[in-house]
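Each chain, written out:
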Amino acid sequence: MNRNGRLRGWGGVGGMALACVAAASLLVPVSRHGAGEDGGRVGGSGVAQGVQAKADTCKDPEASLPPSSGDGPSIQKIKDKGKLVAGVDQNSFRWGYRNPATGKLEGFDIELVRAIAKNILGDPDAVIYRAIPTSQRIPALEKDQVDVVVRTMTITCKRISQVAFSSAYFTVGQQVLAPKESTITGFNSTLKGKRVCVAAGSTAYDALEKESYGAVYKDLTVPNQLDCLVRLQLGLADAVVTDSALAASQAAQDPTVRLKGVPLTPEYYGVATKLGNDDLVRRINQVLVDYRSGGADSPWMKAYRDWLARDLPGISGPPEPKYRS
């Protein structure tokens with residue numbers, strides 16, 4: 001298929017709708033959505049076993065505050081509003097996306113938002129969803145536009161000085177997405193001279209900053225990682241670098257592209273809150289304790305089977321949480 005000026009295969013009307021959403025997200029950095037969007041199951045009980053880690057180093061950036069079911073000033077503000085304001089994605093297939101058939105937000109991250117709202121407010125639908133680009137996740141928290149960001153956000157040493165993270169809820173690694181016929185074989189020297197699209201403010205951008213292998217990428221940054229798939233389909237980029245989980249969801253949307261090589265070193269997704277909101281971090285960690293509990297019947301595993309298993313098979317459970325000593 002000619003890639004110059006033509007969309008590659010999208011796997012149906014739903015994929016094309018996502019392309020339109022991606023383009024629209026460039027114009028509206030933060031949009032408000034009403035409560036009651038579609039989500040999933042919540043519940044579960046039990047105690048997850050954590051690994052203790054020191055807070056004064058960055059050897060374990062994913063080490064978070066110990067869980068607690070207690071209240072505090074941040075939680076009280078949410079209760080006073082009667083809504084959890086959540087920064088999410090509406091463009092990431094399987095993670096946080098607007099179902100074109102129903103108009104509702106769905107995905108693995110949306111399930112977790114609903115579980116947090118259920119725990120704090122007693123209602124999984126007591127949520128105001130605000131769609132934010134990758135590059136606006138941290139500013140949205142700093143400006144109090146959202147209470148939490150649940151948007152495939154990787155925990156890093158740099159970010160823990162800007163926002164507060166929950167314990168890890170998913171493991172990923174940076175990976176290359178390219179057309180099946182491409183000579184690119186992974187995150188290596190085959191990227192030399194290639195046009196690589198990457199989301200601004202992402203860990204993929206940081207990885208290219210550290211070692212680009214001669215790839216051309218600085219003029220190909222976009223606000224949302226899904227915009228990179230659109231550029232790839234239009235022939236405006238030769239490859240995409242993004243989280244392996246997101247790359248797998250994009251490959252599921254477009255059968256003409258595939259993941260190349262293996263993921264880089266493990267990274268972890270966490271729920272982000274504003275720095276200083278320790279009571280909220282501890283409460284979210286308690287939600288995650290319950291969310292992980294129950295083995296194959298845990299809410300985490302049910303959400304994984306519902307949303308991710310077909311594109312990311314073989315995952316037996318969530319990452320083990322780490323807590324600060």
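Note: the structure precedes this text.
Quantities reported herein were computed from a predicted structural model and do not represent experimental measurements.

Draft legend 1. Inspection of the overall build of the chain at higher detail. If you tally the helices and strands in the chain, you get 9 helices and 18 strands. For the chain, the proportion of its 325 residues judged to be buried stands at 54%. At a minimum sequence separation of 6, the contacts of the chain that also span at least 24 residues come to 76%.

Draft legend 2. View of the packing of aromatic side chains. Taken as a whole and judged by the stated rule, the model has 14 aromatic pairs. Both rings, one in phenylalanine 93 and one in tyrosine 97, keep their centres 5.1 Å apart while their planes meet at 70°; by these two values the pair is edge-to-face. With a centroid separation of 6.4 Å and 80° between ring planes, the pair formed by tyrosine 97 and tryptophan 307 is classed as edge-to-face. Here tyrosine 97, found in strand 5 (residues 96-98), pairs with tryptophan 307, found in helix 9 (residues 299-307); they are 210 residues apart in sequence, far enough to count as distant. Like tyrosine 97, the residue tryptophan 307 is buried in the burial classification. Three or more aromatic residues joined by ring pairs make a cluster, and in this case those are Trp95, Phe108, Tyr169, Phe170, Tyr269, Trp300 and Tyr304.

Draft legend 3. Spotlight on the sheet that holds strand 4 (residues 91-92). Reading across from one edge, 4-5-6 is the order of the 3 strands in this open sheet, with antiparallel pairing throughout. Each having just a single partner strand, strand 4 and strand 6 (105-106) make up the two edges of the open sheet. Strand direction decides the pairing type here: strand 5 and strand 6, joined by 2 bridges, are antiparallel. Opposite tyrosine 97, over in strand 6, you have glutamate 106 as the bridge partner.

Draft legend 4. Spatial organisation of the nonpolar core. Trp95, Phe108, Tyr169 and Phe170 are the most contacted members of the largest nonpolar core, which totals 41 residues. Ranked by residue count, the leading element in this core is helix 3 (residues 108-121), at 8 residues. For phenylalanine 170, the residues in contact, after removing those within four places along its chain, are Trp95, Phe108, Ala245, Glu267, Tyr268, Tyr269, Trp300, Leu308, Leu312, Ile315 and Pro319.

Draft legend 5. Summary view of helix 9. The complete set of buried residues in helix 9 reads Pro299, Trp300, Met301, Ala303, Tyr304 and Trp307. Of the surrounding secondary structure, the elements contacted by the buried residues of helix 9 are strand 5, strand 6, helix 3, strand 10 (170-172) and helix 8 (278-292).

Draft legend 6. Molecular detail of the side chain of serine 74. Relative to the helices and strands, serine 74 is located in helix 2 (residues 73-81). Serine 74 sits in the buried class, given a relative accessible area of 10%. Ignoring sequence-local partners within four residues, the contact set of serine 74 consists of Asn277, Asp279 and Leu280.

Draft legend 7. Structural detail: the sheet that holds strand 11 (residues 174-179). In space, the 5 strands of this open sheet follow the order 13-12-14-11-15, with mixed pairing throughout. Single-partner strands in this sheet number two, and they are strand 13 (221-222) and strand 15 (257-260). Inspection of the sheet shows strand 12 (residues 196-199) paired to strand 13 by 2 bridges, in the parallel sense. Note that in strand 13 the partner of alanine 199 across the bridge is valine 222. Running at roughly 130° to strand 12, helix 5 (residues 203-210) makes contact with strand 11, strand 12, strand 13 and strand 14 (239-243) of the sheet. Contacts from helix 7 (residues 244-253) reach strand 11, strand 14 and strand 15 within the one sheet, and its direction differs from that of strand 14 by about 130°.

Draft legend 8. Highlighting the pairing of strand 12. Side chains of strand 12 alternate between two faces, with Val196 and Val198 and Cys197 and Ala199 buried alike. In this sheet, strand 14 lies alongside strand 12 in parallel orientation, the contact comprising 2 bridges. In the sheet register, cysteine 197 faces strand 14, and the bridge partner there is valine 240.

About the cut-offs
- Residues numbered from 1 in each chain as written.
- Predicted model: local features only at pLDDT ≥ 70, side-chain atom pairs only at ≥ 80, totals over all residues.
- Heavy atoms only, no water.
- Helix = DSSP H or I, 4+ residues; strand = E, 2+ residues; numbered from the N terminus.
- Buried < 20%, exposed > 50% of the residue type's maximum accessible area, 1.4 Å probe, protein only.
- Contact = heavy atoms within 4.5 Å.
- Phe/Tyr/Trp six-rings, centres within 6.5 Å; stacked < 30°, edge-to-face > 60°.
- Pairing = 2+ DSSP bridges.
- Core = buried A, V, L, I, M, F, W, Y, C linked by side-chain atoms within 4.5 Å.
- Axes fitted to C-alpha atoms, helices over the stretch in contact; angles between N-to-C directions.

By themselves, these figures tell us nothing about what the structure is for.
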